[in-house]
Amino acid sequence: MHSQTVPTAARRIALLLALAGTALSAQADADTIGTVDTAFKLIGRDHDVIVEAYDDPAVQGVTCYVSRARTGGIKGSLGLAEDKSEASIACRQTGPISFAASPLKKQDEVFSERTSILFKRLRVVRMVDAKRNTLVYLSYSDKLIDGSPQNSVTAVPVDRGMPIPVRQ
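What counts, and where the lines are drawn
- Residues numbered from 1 in each chain as written.
- Predicted model: local features only at pLDDT ≥ 70, side-chain atom pairs only at ≥ 80, totals over all residues.
- Heavy atoms only, no water.
- Helix = DSSP H or I, 4+ residues; strand = E, 2+ residues; numbered from the N terminus.
- Buried < 20%, exposed > 50% of the residue type's maximum accessible area, 1.4 Å probe, protein only.
- Contact = heavy atoms within 4.5 Å.
- Core = buried A, V, L, I, M, F, W, Y, C linked by side-chain atoms within 4.5 Å.
- Disulfide = S-S within 2.5 Å.
- Salt bridge = Lys/Arg side-chain N within 4 Å of Asp/Glu carboxyl O.

Draft legend 1. Local environment of the overall build of the protein chain. Along the backbone of the protein chain there are 3 helices and 8 strands. Moving toward the C terminus, one meets the helices and strands of the protein chain in the order α-α-β-β-β-α-β-β-β-β-β. Counting all 168 residues of the protein chain, 36% fall into the buried class. Taking the contacts inside the protein chain whose residues are at least 6 apart along the sequence as the reference set, 51% of them involve residues at least 24 apart.

Draft legend 2. Expanded view of the environment of Gly-161. Structurally, the position occupied by Gly-161 is in the segment after strand S8 (147–157). Remark: the alpha-carbon pair of Gly-161 and Asn-133, spanning 28 residues in sequence, is separated by 9.6 Å.

Draft legend 3. Main features of the nonpolar core. Core analysis: the biggest nonpolar cluster contains 23 residues, and Val-59, Val-62, Phe-99, Leu-104, Leu-135, Tyr-137 and Ile-164 have the highest contact counts within it. Among the elements of the structure, strand S3 (59–70), strand S4 (87–99), strand S5 (107–114), strand S6 (121–129) and strand S7 (134–142) are those that each provide at least two residues to this core. Examining the composition of this core, we find that 5 residues originate from one element, S4, more than from any other. Apart from the residues within four sequence positions on either side, Leu-104 is in contact with Ala-58, Val-59, Phe-99, Arg-126, Val-128, Leu-135, Ile-164, Pro-165, Val-166 and Arg-167.

Draft legend 4. Local environment of the state of the cysteines. Scanning the model with the defined rule gives 1 disulfide in all. Across the disulfide from Cys-64 sits Cys-91; the S-S distance is 2.0 Å. Given an S-S torsion of about 105°, the disulfide between Cys-64 and Cys-91 has right-handed geometry. Residue Cys-64 is found in strand S3, and its partner Cys-91 is found in strand S4; the two are separated by 27 residues along the sequence. The exposure class of Cys-91 is buried, given its relative accessible area of 1%.

Draft legend 5. Structural context of the pattern of salt bridges. Summed over all chains, the structure comprises 4 salt bridges. A salt bridge links Glu-52 to Arg-68, with the nearest nitrogen and oxygen atoms 3.4 Å apart. Here Glu-52, found in strand S2 (residues 47–55), pairs with Arg-68, found in strand S3; they are 16 residues apart in sequence, far enough to count as distant. The buried category is assigned to Glu-52, whose relative accessible area is 6%. Note that Arg-126 and Asp-56 form a salt bridge whose closest N and O atoms lie 2.8 Å from each other. Taken together, the residues span a long stretch of sequence, with Arg-126 in strand S6 and Asp-56 in the loop between S2 and S3 at a distance of 70 residues. The exposure class of Arg-126 is buried, given its relative accessible area of 1%.

Here it is as structure tokens:
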């Protein structure tokens, strides 16, 4: 009976592989705007900073630009390296703003991208500041075991003539 309650090594490996598969399949769609090399690596790609654009899926006309460090070398080229937790975000109105058919949640994760082979993700959360009719975007990095204090915030004011629809 005891062996049924304690996961075997095979079950642990299967769980880790399932979690890794989930992390790989849940990436956000991003457009790469550009990269800047920061350190030369003899083998594999160089360390760099990448800038990507993410369109908010629930708010047409808002794009978030995220810059983050990307590890190079052999591990980085194979997708096995763990990238740094630091990231910066700037969201802007890039066209006429319109909202999806349903009201927005007061707070909602809108983007998530894997930054290590397991557990570590870059996340972007949208918050609605109804009092100021503003969309606030927070980027942060997390791990399964412990969070990261590294974060960045930006805001997109919406014209007062178009109140942001919020779920109560």
